[in-house]
Amino acid sequence: MSLIHEIDFGTPRSKSEKTVTLTIDGVAVTVPEGTSIMRAAVELGREIPKLCATDMVEAFGSCRLCLVEIQGRNGTPASCTTPVAEGMVVHTQTDRLKRLRKGVMELYISEHPLDCLTCSANGDCELQDMAGAVGLREVRYGYDGKKHPNPGLDTSNPYFTYEPSKCIVCSRCVRACEEVQGTFALTIAGRGFDSVVSPSMAEPFLQSECVSCGACVQACPTATLNEKSVIEIGTPEHSVVTTCAYCGVGCAFKAEMRGDEVVRMLPYKDGKANRGHSCVKGRFAYGYATHKDRMLKPMIREKITDPWREVSWDEAINYAASEFKRIQAKYGRSSVGGITSSRCTNEETFLVQKLVRAAFGNNNVDTCARVCHSPTGYGLKTTYGTSAGTQDFDSVEQADVIMIIGANPTDGHPVFASRMKKRLRQGARLIILDPRQIDMVRTPHIEADYHLPLKPGTNVAVVTSLAHVVVTEGLVNETFVRERCDWDEFQDWAAFVSDPRHSPEEVEKLTGVPADQIRGAARLYATGGNGAIYYGLGVTEHSQGSTTVMAIANLAMATGNIGREGVGVNPLRGQNNVQGSCDMGSFPHEVSGYRHVSDDATRAMFEALWGRPLDEEPGLRIPNMMDAALDGSFKGLYIQGEDILQSDPNTQHMAAGLSAMECVVVQDLFLVETTNYAHVFLPGSTFLEKNGTFTNAERRIQMVRKVMAPRNGYEDWQVTELLSNALGYPMHYNHPSEIMDEVAALTPTFAGVSFKKLDELGSVQWPCNEKAPEGTPVMHINGFVRGKGKFVITEYVATDEKTGPRYPLLLTTGRILSQYNVGAQTRRTANVIWHEEDVLEIHPHDAEQRGVRDGDWVKLTSRSGETTLRAEITERVAPGVVYTTFHHPNTQVNVVTTEFSDWATNCPEYKVTAVQVMPSNGPSEWQEEYEELSRQARRIAEPLIAAE
């Protein structure tokens, strides 16, 4: 293997469909109109020297190194800023150009420290490369660079250094921060010889507005900005393209290696989800893979009060299998089940549900999507016929109006948020429905046209009220509805939403959103051109999550905003493979491809290939498993990659259910919270140690490629295979590609998917089959998958979780940029420097009423439980609403969340919990007990870790 070198075309690709032909160095080339001469030359195989140009940002023309001569024109224009023209004749290499380029390079080198041999970028430096490219052999002005400003080395950021003495003021980092990331955290300070890159108000990087996405580091042509890992390890020697294992954006990365050590993760420009961009998690937070807390050997114990005992893989697998067999013999076939993980690959989740159905002989399989996006599957399948979003991410570039409902893209899906912000800076309009003032409401060069700060739990009322305006003001796209939807159902729905009780004036009384804001937002969405809706867990994690999804689908159909680029209904999936885990049949009522287990033909297909009869009755969902455990009928659980004790609601109930089981098998990277109730621990493998595929929020199936051997000895799919074999149901796969072949054989939407095709195309979006051999970027173009689009009556039903004198505030929860889900991975990286603990956001009015000051410890109490954390006083939340994240186990926010859930899918109502907040002296009693248990666990684990 060697390093994968991507071609830098110098300037972005032109999207013009019109082409022009020109001659470069005597060779004709045809390119799209608007293409720069520099890019045309690269496409021809001629590389013009450059320093300030890179194809991730717009042309700048400051370095004067890419000069060319154009026949019939005076001067030597910059090739990066000069567009091609029909019949143009260009010369890139003449005596005059050689002389000019050498002169330019002399000036650069004279102001640059001459420490190439010891520089961390030696061999990976564009300045060095360009000096060779122009044939520079001497510098008449000296080499000491004394005139160049040198404010001193900035090492404040945990992942990269800033060494201004090496800066050539090319502005690439500044432009990357502005154009690619959209943060505007960098600028060029000073003039002339005093010019230097500066973060924010001349602050250190760590204290600045920098979000550590790495765009500036990637853009830097010298060692001015460089990864600390490169400085410590050295330049990489080979690379492998793989897919990020954090959020649902699904960024492609080049894992650049030296030996079996990761030197850095570089965003892959050919990655169709991220287009060469990244965030702080994917770019830098991969260190958990080699963290000292990784558990690499299997362990067992008879009782959860016993200490762990390290055993061989054979002993652990055989013990788990014998326990499951014993339990089923004693309590019945349905007494055991499994939980798949959205952190694992498609192939791994497919095998877990296969193990449950074929080896356990029941349908007691569920997935963490239960607690996040199960309402998406139900709502979109009901209305459109597919359980997934309608667009690809590129579609946002054609959107004229963007509506964000219950999502916080800059924190939860930052790379896509950057693309969204870029489109907004180009003139698209923005509508936000969120109880909290998220960053997108007002951020550099962006301001929402409408922010509807609705009361938590009233999503259905607001979205139905938007539809009321569309219908009563004659804004329905009747042509679309008549052609594409069931007209009778539409009329029933239109009559429903037209009822005066759904008017913005009436809804204002329920939601607190001013009526004129609802009317304005509805008119903008319906008349502003291409309207695209993006939503997140603030929609789904409610008692009416499925109802809200269907209300959104109704609104898109009524306005004709479906079935083409720039529109659509787009769920922003939380975890890297939450879409894939659902696609693979991880729900108790569905096999892969969202087909119900009661369908005889579907079941027969699986039975023929698997050689086992399948149960036609749906199995238990995660909440049902806990209830059944407490009533004594469910006794065994295999959990792959999920920390359900921390991530699922009502922690005390979850702990009670797990405690009642006789065999809990946890397969994970670390001793997560759920392992406190486990009898068998099977060490898992990271995304860097496995092959397979992830499916992101846009239905894009992408390769996950192994870059190092599994430190635990096995990839996760192999562990499931071992367990199945020990249970008496043989599985014999040699590679995950064979598992995907089986998925394709059994799943119509994946019929054309194979590892070979993914290698050839880079990625595909399902459906991928005979009708769409290269995938389907945009769904429902000529008609809905279900046939006619279905309008559904979306009656608002207030949540059972009510505020009152005892619990007067509403708690809602969310994520923060630097952390991921329950924090098991990101807390074991330097990302904790930005988020050391969960804090409670509270409005100044509510804080003053309770005598709470900024930074005080406060007790957060609900009907379910209590916890303590520090208060942060802010106007980002409205009076009556408090907000926190759930990334740290010593807070365990889900101690206070309730068991109320979505009526259709049991997705928990995380976003609406009635609470009280009062001053506290510090951590609660259970938190102190948790800290003591954690210390004990560390003492037990330390000798095992040391032995490894």
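Every chain is numbered on its own, with residues counted from 1 as its sequence reads. In keeping with the predicted nature of the model, local features appear solely for residues at pLDDT of at least 70, side-chain atom pairs appear and are counted solely at 80 or more, and the whole-chain, interface and lining totals rest on all residues. Heavy atoms throughout the structure, all of them, feed into the side-chain values; hydrogens and water do not.

Comment: axis = line fitted to C-alpha atoms, over the contacting stretch for helices; angle = value between 0 and 180 degrees taken between N-to-C directions. Only DSSP runs of H or I reaching four residues or more are called helices, and only runs of E reaching two or more are called strands; each is numbered from the N terminus. Close contact between helix α9 (residues 346-360) and helix α25 (residues 716-727) brings their axes to 9 Å; oriented N to C, the two are set at 10°. On the basis of the axis angle, α9 is roughly parallel to α25. Residues Glu348, Leu351, Val352, Leu355, Ala359 and Phe360 of α9 pack against Asp716, Trp717, Thr720, Leu723, Ser724 and Leu727 of α25. Any angle that falls under 35 degrees is termed roughly parallel, while one over 145 is termed roughly antiparallel, one within 65 to 115 roughly perpendicular, and all others oblique. Pairs of residues are marked as contacts when any of their non-hydrogen atoms sit within 4.5 Å.

Next up on the list: α9. Given a rise of 1.5 Å per residue, 15 residues ought to cover 21 Å, and the 20 Å separating the end C-alpha atoms of α9 matches this to within 8%. Relative accessibility under 20% of the residue-type maximum defines a buried residue, over 50% an exposed one, and the middle range a partly exposed one, all with a 1.4 Å probe and only protein chains included. Across the 15 residues of α9, 15 count as buried, placing the element largely inside the fold. Positioned one or two residues after α9, Gly361 has a phi angle of 80°, which is positive. One fewer than the residue count of a helix, multiplied by 1.5 Å, yields its expected span.

We define a salt bridge as a contact between a side-chain nitrogen of Lys or Arg and a carboxyl oxygen of Asp or Glu at a distance within 4 Å. For the structure shown, the criterion picks out 58 salt bridges. Between Glu126 and Arg172 there is a salt bridge whose closest N-O contact spans 2.8 Å. Taken together, the residues Glu126 in helix α3 (residues 126-133) and Arg172 in helix α4 (residues 172-181) connect sequence positions 46 residues apart. By relative accessible area, Glu126 is classed as partly exposed at 23%. Arg419 serves as the salt-bridge partner of Asp394, at 2.4 Å between the closest nitrogen and oxygen. Taken together, the positions of Asp394 in the loop between α10 (374-383) and β16 (401-405) and Arg419 in helix α12 (residues 414-425) put the pair 25 residues apart, joining distant regions of the chain.

With that out of the way, let us pick up unusual backbone geometry. Cis geometry marks the peptide bond from Trp766 to Pro767; its omega dihedral reads 0°. Secondary-structure assignment places Pro767 in the loop between β30 (763-765) and β31 (809-814). With a phi close to 55°, Ser212 is a non-glycine residue in the positive phi region. With respect to the helices and strands, the residue Ser212 is situated in the loop between β7 (196-199) and α5 (215-219). A positive phi angle, close to 60°, is found at His780, a residue other than glycine. Mapped onto the elements, His780 comes out in the loop between β30 and β31.

Turning our eyes to something else, we now look at the environment of Ile552. Mapped onto the elements, Ile552 comes out in helix α19 (residues 545-558). With 259 residues separating them in the primary sequence, Ile552 and Leu811 have C-alpha atoms 24 Å apart. Not counting chain neighbours up to four residues away, the residues in contact with Ile552 comprise Ile405, Val463, Ile533, Tyr535, Val539 and Val569.

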